[in-house]
Amino acid sequence: MRIAFMGTPEFAVPSLKALVEAGHEICGVFTQPDKPKNRGMKLQMPPVKEYALSIGLPVFQPARVRDGEALEILKGLEPELIAVAAYGKILPLEILELPRLGCINVHSSLLPKYRGAAPINWAILNGEDETGVTIMVMAEGMDTGDILSQRATPIPIEENAAQLFERLAQMGAELLVETVAQIGAGAVTPVPQDESGSSHAPMLSRELSPMNWEKTARQLHDQVRGLYPWPAATAVVDGVRCKILRTVLAGEAGKAAPGTVLQADKKGLRVACGDGALEILELQPDGKKAMAASAFLMGHPIRTGTVLTG
C-alpha cells in the first residue's frame, strides 16, 4: 500500500519501521521541524526524521499544516492512506479527506479514555491497572474518530511512564500493521466511540511535581511513576529539593504524621504518607546526578522523625 507517514518523537519510530518492514511503500515522511536543544542550542532532528533518512525515505518538515503547503505536497505524493503516530499537529479537514483510504492514528490509550497529549502518564497518575493502544480513524476533534482496533495491556505497579511508553510504542506498531492489512482487505469496521466514557489527558507541567505527603502511599507512588522522567515528582529532603525517581510501597506507617521519616539509613529512606508508607529508592538532588537514596543519606544524614515537605 502507498502510505504517507506522519510522526515526530521516539514513540512513532516503531510504527514507521513496522510499516517499512511489512513491505508498504512509504511515499513520504512528515515530521516537525528540527529544534534547538541542550546548552549549545544546536538543531536536533526528530527521531522519526533520523530513522527515515537512515533508510532513504523522503522527509518533509512543514512548519504548519494549515497553510496549504503540506496539502500540496501530499497531493503530489498521492498516498492511498495516511498513517499518523504522535505527529504533534492537528490535521485540517482537507488533508483528512485527501487519501482514498483515509487517515488513521496510533493512540496510546484505550479510547475514549485519555484523549489528548499525555495518555500514558495520566493512566499511571490515576492508578489505572490497564491501558493499551487504539488505531482510530482521524476526525477533526481531538482523538474523537471511530475506532478500528484496540489492544489492552496490564500496567504493573512497578512500571513507570518511560517503560510503558516503550511497550506501547511497540504494541502500537504491531497493531498498526495488522490494521493496515485489514483496511487493504476491506475487513475492518469502524466503531464510533462511546462519549460517555471519554476522559482527557492534558499536557504535563511542573505544577504536578510537588509531592503532598497527605496523599496515600499508592497515590504518591503513582505520581513518581507517572511523571518519570519529566517533569518528575519532587520533594524537599534535608533542605535539598530532589526529584524522586523511584519508590516502592512500604507497608503501614502506624500513627506517624504524613511526611515523617520512619527510616533513614543504609537500608533505605522510608516516609509516612496519609495512608501507608513509601520507600524512596532513587532520587536526584538539584544540580546533581541521580543516586540511590542510601548514597544521598551518606552525605545528608537525616534523623528519624524529621518531617519532609513537597
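Remember, it's a predicted structure, so these values are computed and weren't measured experimentally.

What counts as what
- Residues numbered from 1 in each chain as written.
- Predicted model: local features only at pLDDT ≥ 70, side-chain atom pairs only at ≥ 80, totals over all residues.
- Heavy atoms only, no water.
- Buried < 20%, exposed > 50% of the residue type's maximum accessible area, 1.4 Å probe, protein only.
- Helix = DSSP H or I, 4+ residues; strand = E, 2+ residues; numbered from the N terminus.
- Arc of directions from axis to C-beta.
- Contact = heavy atoms within 4.5 Å.
- Salt bridge = Lys/Arg side-chain N within 4 Å of Asp/Glu carboxyl O.
- Core = buried A, V, L, I, M, F, W, Y, C linked by side-chain atoms within 4.5 Å.
- 1 Å grid on protein atoms, 1.4 Å probe; cavity = no way out; pocket = protein on both sides within 12 Å on 5 of 7 lines; lining within 4 Å.
- Points joined across faces, edges and corners; volume = space filled by probe spheres on them.
- Nonpolar A, V, L, I, M, F, W, Y, C, P; charged D, E, K, R; others polar.
- Axes fitted to C-alpha atoms, helices over the stretch in contact; angles between N-to-C directions.
- Parallel < 35°, antiparallel > 145°, perpendicular 65-115°, else oblique.
- Left-handed = near helix turned anticlockwise from the far one by under 90°.
- Polar contact = N/O pair within 3.5 Å; in protein donor to acceptor, adjacent residues only side chain to side chain.
- Disulfide = S-S within 2.5 Å.

*Asks:* Help me understand helix H2 (residues 47-54) in this model?
*Replies:* Residues spaced three or four apart along an α-helix face the same direction, because each turn holds 3.6 residues. By the burial criterion, the buried members of H2 are Val-48, Lys-49, Tyr-51 and Ala-52. Seen along its axis, H2 keeps its buried residues to an arc of 165 degrees; they face one direction. Looking at the buried residues of H2, the elements they touch are strand S1 (2-7), helix H1 (13-21), strand S2 (25-30) and strand S5 (59-60). Following H2 by one or two positions, Gly-56 has its phi on the positive side, about 80 degrees.

*Asks:* What should I look at first to understand the pattern of salt bridges in this one?
*Replies:* Side-chain pairs of opposite charge can arise whenever the charged atoms involved come near each other. A complete count under the given rule lists 13 salt bridges for this structure. Between Arg-167 and Glu-159 there is a salt bridge whose closest N-O contact spans 2.7 Å. Judged by relative accessible area, Glu-159 falls into the buried class, the value being 7%. Linked through salt bridges whose partners overlap, the residues forming this network are Arg-218, Asp-222 and Arg-225.

*Asks:* Looking at this model, I keep getting lost on the nonpolar core. Mind explaining?
*Replies:* In this structure, Phe-5, Leu-16, Leu-19, Ile-26, Val-29, Ile-104 and Leu-176 are the most contacted members of the largest nonpolar core, which totals 41 residues. Take this core: its biggest share by element is nine residues, from helix H6 (residues 161-184). Apart from residues lying up to four places away in sequence, Leu-16 is in contact with Phe-5, Ile-26, Val-29, Val-48, Tyr-51, Ala-52 and Leu-57.

*Asks:* Teacher, can you tell me more about helix H7 (residues 217-226) here?
*Replies:* With eight of its 10 residues buried, H7 lies for the most part within the structure. Taken residue by residue, H7 has Ala-217, Leu-220, His-221, Asp-222, Gln-223, Val-224, Arg-225 and Gly-226 as its buried positions. On the buried face of H7, the contacting elements are helix H5 (119-125), H6, strand S12 (233-237), strand S13 (240-249) and strand S16 (277-285).

*Asks:* Got a minute to help me understand the layout of surface pockets in this structure?
*Replies:* Any empty space left between the atoms is revealed when a probe the size of a water molecule rolls over them. Within this model, the largest pocket holds a volume of roughly 1,600 Å³. Along its surface, the largest pocket is lined by 46 residues, and Pro-9, Ala-86, Tyr-87, Gly-88 and Ala-117 are the ones closest to its centre. Going through the elements one at a time, strand S3 (35-37), H2, strand S7 (103-107), H5 and H6 are the ones with two or more residues in the lining of the largest pocket. Across the lining of the largest pocket, the residue classes tally to 29 nonpolar, 10 polar and seven charged. Taken together, the elements giving at least two residues each to the lining of the second largest pocket come down to H7, S13 and S16. Residue contributions to the lining of the second largest pocket peak at four residues, all from S13. The class makeup of the residues in the lining of the second largest pocket is six nonpolar, four polar and four charged.

*Asks:* Just checking my understanding: could you explain the packing of H1 against H2 for this structure?
*Replies:* One can describe the packing of H1 onto H2 by two numbers: an axis separation of 9 Å at closest approach and a directional angle of 25 degrees. Our classification of the angle between H1 and H2 gives roughly parallel. The crossing of H1 and H2 is right-handed. The residues of H2 that touch H1, namely those facing Val-13, Leu-16, Lys-17 and Val-20, are Pro-47, Val-48, Tyr-51 and Ala-52. The residue makeup of the contact of H1 with H2, split by class, is seven nonpolar, no polar and one charged.

*Asks:* What am I meant to see in the side chain of Thr-31 here?
*Replies:* With respect to the element layout, Thr-31 can be found in the loop between S2 and S3. Overall, the relative accessible area of 0% leaves Thr-31 in the buried class. Reaching out from Thr-31, the side chain makes a polar contact with the side chain of Thr-8 at a distance of 3.5 Å. Once residues lying within four places of it in the same chain are set aside, the contact partners of Thr-31 are Gly-7, Thr-8, Pro-46, Val-48, Lys-49, Val-59, Phe-60, Gln-61, Pro-62 and Tyr-87.

*Asks:* Any chance you could explain the state of the cysteines here in plain terms?
*Replies:* Put plainly, two cysteines are in a disulfide when a covalent bond ties their sulfur atoms together. Within this structure, the stated rule accounts for zero disulfides. No disulfide involves Cys-273; its sulfur sits 16 Å from the nearest other cysteine sulfur, which is in Cys-242.

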